[in-house]
Amino acid sequence: MKVRIGVALAALGWATAALASPDGYTRFTIGDLSAPTPAKPEAGLMLVGGGDWDYDAYRWFAAKAGHGHIVVLRASGTNEAGEELYKQVGGVASVESFVFDDRKAASDPKVLAAVARADGLYIAGGDQSRYVRFWKGTPLAAAIDKLAASGRPVGGTSAGLAILGGHAYGAMEGGSIGSRQALADPMGTAVTIESNFLHLPRMVHIVTDTHFTTRDRLGRLIAFVAQVRAKDDPKAVGLGIDQGAALCVDGNGKAKLFSPPGGYAWLVQPAGAPQTATLGKPLDYAAVKITGFGPDGGIDLTTLRVSRPAFSGTASVKAGRLANVPFPADARWSLAIHGGAGVIARGSLTPEEEKAYRAGLQAALSAGSEVLRKGGSSTDAVEAAVRVMENDPHFNAGRGAVFDAEGMNQLDAAIMDGSTMEAGAVTGITRTKNPIDLARAVMEHSPHVLLSGPGADQFSREQGLPQVDPSYFRTEKRWQEYLEWKKEAHAALAPSSRWATLDPTHRFGTVGAVARDVHGHLAAATSTGGLTGKRWGRIGDSPQIGAGTYASDGDCAVSATGTGEYFIRQDAARQVCDRIAWHKEKVQEAADSTIEAIGDIGGDGGLIAMDEAGHVGFALNTEGMYRGTASSTQPPATAIYADEAIAKP
């Protein structure tokens, strides 16, 4: 098949060949390998954060290679990078690619000869653990070092960038560790740092990381640097490159960033008195200087001096939690909340009740906004907003939850971090003061997503979360609703068919929040007491990821409220995100279409949704939904009734 692809491309006018080798690699060529190099190559490094290529950066690389012959190395895929370099970027005489499948290829004379004669070397993305296994300690690694030392450019993207530092995260644990896990034990076996691999100019003390903001990797880069400093290099610093960005370093060490708007390079430098990391313990670092710069700035890798930084500040890590991360002055954040939907016609609430509900919404917006305004994470923000509503007895979540058929409060909650796609949820809990805190503990401190009943209560106690007597959740209003339901249910022929709570103004009292933080990450959280009179361990949509709660960076975050069985059948929260991702619908359109689909099968309720830019969509097919918004550019605003306008980010 590889030969057929090469022949087909040659038939289209491209001099492409694919030659299978028994020596642990496949070779591809495109262009004229015998053509003279038009100009003298110059030293340079191209450090690419992954994702779509910035062709201006790659043209810089081609020019540094004298518009001559590029060798591409990779350990997966085929000739995609070579094709793009030659055809889309252009300006090179040829591209010769080697795709490795065995370590023995790193000693192959043909591979070594190709690297030795290359005018420029480019290491593609993939799995850096394969690069470590195939190349470390081989003649190929020495050849790469020699090429760079001879004054010819070397570049790498994603995994290819990860190995270019003097210390490299090898991902040898079989996956790609996240920030939370790395900070929890930076000296642990899962944080696999490789030293003495490649030795490129001015990279000796640098640990690199890629897809930086998109994949929330600041925390793990700090953990990487902490390990390296603790073990063998007290001068180690971190250099993170955002997805889509490329840091191009000339022979004098002066670097310029090529990036789309909102892309940065991040310099991470532990500051102050020497700090250390301890095996088996979460990281404590009192001060970490973070400096970010965009296309208007740059860095001198010889002195680590940043020119025209876009932002700078000192972060800290306490017990593995990162705080006070600096961010650009114009960074945007956005928050939306809901407190349930139902038959909330104008006039159905007394002035005092309406005032209390709006005050509760304002308090939740204030708590979430405070987190976001200080540069906190979207996950922290939605948890904070939902916690406030759980503590407010007006809402059917936490204190003030409705009673089930047995006269008990059984609580559900869920939370999802869009940057990592991690999620946690609980159902049927009875003693945790704030169910949303327990959902987050499941996400962060267990290998599971959903815990239920006594097991969830036991996990909560083991995590040290505040416990309360079940009477804490009881309010007289909810108890009277339960007694009335119980009286009517005994008279009904089919009590199990009763969907509605007896308070029509709060028929679906779920609470929820969605947020986008200043780093562009999304999160969603939902909490509920369920339905009055629910039976047989009934579980609604709120704790079910994809039904009532969902978040995915780049797409959207959603929290729903309504007849959960219908939201489950429609996979409502995920459906909104899929409409945005696959059908390119705007967030309001996607929200409306999803609620319409729920209505078509007999369900009602509402949802809040937020897209990657922080735009908000509210959708409901009831007479009202308690809701609110706030953003970096908009003061808090609330609404209750379906026909009530509300400002949206």
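Refer to the structure presented above.
Now for a description of the structure that goes with this document. (Residues numbered from 1 in each chain as written. Predicted model: local features only at pLDDT ≥ 70, side-chain atom pairs only at ≥ 80, totals over all residues. Heavy atoms only, no water.)

What follows covers unusual backbone geometry. A positive phi angle is found at His67, which is not glycine, with a value near 55°. Residue position: His67 is located in the loop between helix 2 (55-64) and strand 4 (69-74). His67 sits in the partly exposed class, given a relative accessible area of 34%. Located in the positive-phi region is Lys584, a residue other than glycine, with phi close to 60°. (Helix = DSSP H or I, 4+ residues; strand = E, 2+ residues; numbered from the N terminus. Buried < 20%, exposed > 50% of the residue type's maximum accessible area, 1.4 Å probe, protein only.)

Counting buried positions over the 8 residues of helix 5 (residues 128-135) gives 6, a clear majority of the element. Along helix 5, the residues that are buried comprise Gln128, Ser129, Tyr131, Val132, Phe134 and Trp135. Phi turns positive one or two residues past the end of helix 5, at Gly137, with a value near 75°.

What follows covers the sheet that holds strand 20 (residues 334-342). Reading across the sheet, the 8 strands line up as 23-22-21-25-24-20-30-31 and stay open at both edges, with mixed pairing between neighbours. The sheet terminates laterally at strand 23 (450-452) and strand 31 (634-641), the two strands that pair on one side only. Here the average twist between neighbouring strands, direction ignored, is 5°. Pairing of strand 21 (residues 411-417) with strand 22 (residues 422-429), which is carried by 6 bridges, proceeds in the antiparallel orientation. From the neighbouring strand, Ala413 faces strand 22, where its bridge partner is Val426. Along the sheet face, helix 13 (residues 453-462) touches strand 22 and strand 23 and points at about 105° away from the line of strand 23. (Pairing = 2+ DSSP bridges. Axes fitted to C-alpha atoms, helices over the stretch in contact; angles between N-to-C directions. Contact = heavy atoms within 4.5 Å.)

What follows deals with the nonpolar core. Counting residues in hydrophobic clusters, the biggest one holds 50 residues, and the most contacted among them are Leu47, Leu73, Phe100, Trp135, Leu140, Leu200 and Leu247. For this core, the leading source of residues is helix 6 (residues 139-149), giving 6 residues. Leave out the neighbours within four places in its chain, and Leu140 touches Leu73, Phe100, Ala106, Val111, Leu112, Val115 and Trp135. The next biggest cluster of nonpolar side chains, apart from the first, holds 46 residues, and it includes Leu335, Phe395, Ala456 and Phe473. (Core = buried A, V, L, I, M, F, W, Y, C linked by side-chain atoms within 4.5 Å.)

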